[in-house]
Amino acid sequence: VKPMTPRCSVPKAVPVGKSASLHCHENEGFPKSTYSWYRNREPLSPDSKSSKSHNSSYTLNPATGTLVFHAVHKGDTGRYSCIATNDAGFAKCEEQEMEV
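Residues numbered from 1 in each chain as written. Predicted model: local features only at pLDDT ≥ 70, side-chain atom pairs only at ≥ 80, totals over all residues. Heavy atoms only, no water.

Stated precisely, the cut-off is as follows: UniProt positions are given in the numbering used here, feature names are shortened, and annotations may be inferred rather than shown by experiment.
Under an unreviewed UniProt entry, the name given to the chain is JAM3 protein, and the organism recorded is Cinclus mexicanus. Reading the Sequence similarities (unreviewed entry) entry of the UniProt record for the chain gives the comment "Belongs to the immunoglobulin superfamily."

Right under this line is the structure:
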């Protein structure tokens, strides 16, 4: 079963240096969906150490759809969206702005 459009929650504004949690979830898809996050339409690597874009420290859990920034900085500002994917297809949530 193709995933439904996931529900995404992105904080609107986060102070510099604070942590931020972004969530993405849908429960119609079978087999269970895996989740990937995008910032300004650029994919975020599941491993922040291999992220070339900037030196952000975050943890991305593809199984739960949770993206946690440990200490945000100005470079984390942007439009975030998430895609739920399984063998039957994928679905994307609306982009949401996060300001730092």
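Picking up where we left off.
1. As for the pattern of salt bridges
Inclusion rule: Throughout this description, the term salt bridge denotes a Lys or Arg side-chain nitrogen within 4 Å of a carboxyl oxygen of Asp or Glu. The secondary structure listing takes helices from DSSP runs of H or I that are at least 4 residues long and strands from runs of E that are at least 2 residues long, numbered from the N terminus. Here the term buried applies to any residue with accessible area under 20% of the maximum for its type, exposed to any over 50%, and partly exposed to those in between, with areas from a 1.4 Å probe on protein chains only.
Inspection of the entire model under this criterion finds 3 salt bridges. Between Arg41 and Glu95 there is a salt bridge whose closest N-O contact spans 3.8 Å. Separated by 54 residues along the polypeptide, Arg41 in the loop between β3 (34-39) and β4 (42-43) and Glu95 in the loop between β8 (89-92) and β9 (96-98) bring together distant segments of the chain. Overall, the relative accessible area of 17% leaves Glu95 in the buried class. In this structure, the salt-bridge partner of Arg79 is Glu97, at a minimum N-O distance of 3.2 Å. Here Arg79, found in strand β7 (residues 78-86), pairs with Glu97, found in strand β9; they are 18 residues apart in sequence, far enough to count as distant.

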